[in-house]
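Examination of the molecular architecture
Residues per chain are reported as follows:
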Amino acid sequence: MLGGEKAVGRPMPRPVRFGEPERERLEEMLGQESLLYWKGPQTTLLIERFQGVCPLEYVQTCSSGSAAIHIAVMAAGIGLGDEVITSPVTDIGTVIGVLYQQGVPVFADLLPNSYNLDPEDVARKISPRTKAIIAVHLGGNPCETEALRLLADEHGLILIEDCAQAWGAIDRGKPIGTTGHIACFSLQNSKHVTCGDGGVVASSDDRFGPLLQPLGDKGMPRAGGDGLFHRFAPNYRMSEPQAAVAAGQLTRLDGIASTRSRLGDLLSEEIAGVPGIEPHDVATGSRCVYWFYMFRLRPDAFTCDRREFVRALAAEGVPASAGYIPVPLYGNPIFREHAFFAGRWPVKEMGLTDMDYASVSCPEAEAILGDGVRLVINEAMDEAWIRDVAAAIRKVSAHFSA
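For the structure given in this document, a descriptive report is provided here. Everything numeric here is computed off the predicted structure, so don't read it as measured data.

So, the overall build of the chain
Each helix and strand counted, the chain has 14 helices and 13 strands in total. Over its C-alpha atoms the chain spans a radius of gyration of 22 Å, differing by no more than 12% from the 21 Å that the globule rule assigns to 402 residues. Counted over contacts in the chain with a minimum sequence separation of 6, partners at least 24 positions apart contribute 71%. For the chain, the accessible area works out to roughly 16400 Å², and carbon and sulfur atoms hold 52% of it. A gap of 3 Å separates the mean positions of the 37 positive and 50 negative side-chain charges of the chain.

Shown next, in the form of structure tokens:
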């Protein structure tokens, strides 16, 4: 930034995301008579490969990760005024389904360096209206799911895992998505594996698993029944072309996940002990797959603000940005104005909730968004690249050291 030599001297490596595995599936698909998902060979293969990653009994493919969560919320029976506790630092897709079911998102605070739900604050937010918890594995970092499952079981709640950013993560020795009652995954274009857009929702719980298929398919139970509609649901079907690409992508997942995990952990090792820097925290026994890497700055340790720190990193050749989302979800105008449905919120107008998002505050979440620095990790990078990034962080930190 001040005219010296860059710490990272080459452009950021970018992975080649598509090739023969996807082409093979698509060419086979072109010989099919139907591209409908039901009993389609591509969907069938996708489900088989998914179960190799996340061994759950009931699996429904769908049109997006947001759709997966909406299906899960419907299966959980969320309705008028029911409260669902979740993270305020996540994609809005985590709560869209809750709102459409006329439920009430309740935001709990986060742990300072894993960026995931704080079980103690979740416990404080449980009320007689609480029906479920949605645990978001932010950035591919496993939540404190065991503690959250204990809370759920103690209070008769349903634990839904939002695994959208966590393909291939390991949660204290177990595949991600297998601790909660229902697991949701995204195949959106930026995720570890993708078909442009798509999702998967799965469960091994006999109370919820059989509901996933009809709730993703207009309420139609395709595996039997009387031909009548007994449930009201949207059309969230995934087509066979999407399933073909996703099935091909899953052959790449283990390599993608293991590489990102190794590189992210290496970066943490390289910047551990740098004054004023708090690395991404991963629980012992878990594998974070680093959809992104984020570290925090202790503001009193530096003579610059976060914006200048990030600008200096970018000048050193590091793909860095400030924070993750601009504000916690509750800080967005649509929440503060309770304007979800044509500018109205019927649940509040009916007196079924006293929630006022304008008065909600999660101090740690707000601090994370205020002092976090987000870095790109991808599977095309190598250890030399990561060591150069770490050198840049050390260089900038030393320059601005208070």
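Once you've had a look at it, read on.
Re the environment of Asn113
Mapped onto the elements, Asn113 comes out in the loop between β3 (104-107) and α5 (119-125). Along the primary structure Asn113 and Asp281 are separated by 168 residues, whereas in three dimensions their C-alpha atoms are 5.2 Å apart. Excluding residues that lie within four positions of it along the chain, Asn113 makes contacts with Glu278, Pro279, His280, Asp281 and Arg296.

Examining the packing of aromatic side chains
Taken as a whole and assessed by the stated rule, the structure comprises 18 aromatic pairs. Ring geometry for Phe335 against Tyr357: centres 5.3 Å apart, planes inclined by 90°, an arrangement best described as edge-to-face. Taken together, the positions of Phe335 in helix α11 (residues 333-336) and Tyr357 in the loop between α12 (346-349) and α13 (363-371) put the pair 22 residues apart, joining distant regions of the chain. Positioned above the aromatic ring of Phe292, the side-chain terminus of Arg374 is 5.8 Å from the ring centre.

Here we look at the pairing of strand β5 (residues 158-162)
In terms of residue burial, β5 counts as a mostly covered element, since 5 of its 5 residues are buried. Pairing between strand β4 (residues 130-136) and β5: 5 bridges, direction parallel. Its bridge partner lying in β5, Ile133 is registered against Leu159. Read from β4 through helix α6 (residues 145-155) to β5, the crossover connection turns out right-handed. Relative to strand β8 (residues 182-186), β5 is paired through 3 bridges, and the arrangement is parallel. Following the sheet pairing, Glu161 is matched in β8 by Ala183.

Overview of unusual backbone geometry
Phi is positive for His338, close to 50°, though the residue is something other than glycine. Its place among the elements puts His338 in the loop between α11 and α12.

A look at the sheet that holds β3
Spatially, 7 strands are ordered β1-β9-β8-β5-β4-β2-β3 in an open sheet, and the strand pairing comes out mixed. If you trace the sheet from one side to the other, it starts and ends with β1 (58-62) and β3, each paired once. Taking the axes of each pair of neighbouring strands and ignoring which way they run, one obtains an average angle of 20° across the sheet. Pairing of β1 with strand β9 (residues 199-203), which is carried by 5 bridges, proceeds in the antiparallel orientation. Each bridged residue has a counterpart across the sheet, and for Gln60 the counterpart in β9 is Val201.

A word on the pattern of salt bridges
In the structure shown here, the tally under the stated rule is 24 salt bridges. With a closest N to O distance of 3.1 Å, Lys125 and Asp121 form a salt bridge. Of this pair, Lys125 and Asp121 both sit in helix α5, separated by 4 residues, roughly a single helical turn. A salt bridge links Glu270 to Arg387; its shortest N-O distance comes to 2.7 Å. With Glu270 in helix α9 (residues 253-271) and Arg387 in helix α14 (residues 383-399), this pair connects stretches of sequence that are 117 residues apart. Three or more residues are tied together by salt bridges with common partners; here these are Arg262, Glu270, Glu383, Arg387 and Arg394.

As for the sheet that holds strand β13 (residues 372-375)
An order of β10-β11-β13-β12 is seen for the 4 strands of this open sheet, with the pairing classed as antiparallel. Each end of this open sheet is capped by a strand with a single partner; those strands are β10 (277-278) and β12 (320-322). Direction of pairing for strand β11 (residues 293-297) relative to β13: antiparallel, over a ladder of 4 bridges. Counted as the bridge partner of Met294 is Arg374 from β13. Running at roughly 170° to β12, helix α10 (residues 306-315) makes contact with β10, β11, β12 and β13 of the sheet.

Observations regarding the state of the cysteines
Scanning the entire structure with this criterion turns up 0 disulfides. Not part of a disulfide, Cys62 finds its nearest cysteine sulfur in Cys184, a span of 7.8 Å.

Points about the packing of helix α1 (residues 20-29) against helix α2 (residues 41-53)
It is the contact of α1 with α2, at a shortest axis distance of 11 Å, that shows an interaxial angle of 145°. In this structure, α1 contributes Arg25, Glu28 and Met29 to the contact, and α2 contributes Gln42, Leu45 and Arg49. Looking at the contact of α1 with α2 residue by residue, the class counts come to 2 nonpolar, 1 polar and 3 charged.

Here's the deal with α13
Residues Ala365, Ile368, Leu369 and Asp371 constitute the buried set of α13. At its buried positions, α13 is contacted by β11, α10 and β13.

Points about the packing of helix α3 (residues 65-75) against helix α4 (residues 93-100)
Packing of α3 against α4 leaves a shortest axis separation of 8 Å and a crossing angle of 40°. Taken together, the axes of α3 and α4 lie oblique to each other. In this structure, the crossing between α3 and α4 has a hand that is right-handed. Along its contact with α3, which presents Ser66, Ile69, His70 and Val73, the element α4 presents Gly93, Thr94, Gly97, Val98 and Tyr100.

Definitions and limits used
Residues numbered from 1 in each chain as written. Predicted model: local features only at pLDDT ≥ 70, side-chain atom pairs only at ≥ 80, totals over all residues. Heavy atoms only, no water. Helix = DSSP H or I, 4+ residues; strand = E, 2+ residues; numbered from the N terminus. Rg over C-alpha atoms; globule rule 2.2 N^0.38 Å. Contact = heavy atoms within 4.5 Å. Areas by Shrake-Rupley, 256 points an atom, 1.4 Å probe, with all protein chains shown as cover. Lys, Arg positive; Asp, Glu negative; His and termini not counted. Charge placed at Lys NZ, Arg CZ, Asp CG, Glu CD. Phe/Tyr/Trp six-rings, centres within 6.5 Å; stacked < 30°, edge-to-face > 60°. Lys NZ or Arg CZ within 6 Å of the ring centre and 35° of its normal. Buried < 20%, exposed > 50% of the residue type's maximum accessible area, 1.4 Å probe, protein only. Pairing = 2+ DSSP bridges. Right-handed = clockwise from strand over helix to strand, strands pointing away. Axes fitted to C-alpha atoms, helices over the stretch in contact; angles between N-to-C directions. Salt bridge = Lys/Arg side-chain N within 4 Å of Asp/Glu carboxyl O. Disulfide = S-S within 2.5 Å. Nonpolar A, V, L, I, M, F, W, Y, C, P; charged D, E, K, R; others polar. Parallel < 35°, antiparallel > 145°, perpendicular 65-115°, else oblique. Left-handed = near helix turned anticlockwise from the far one by under 90°.

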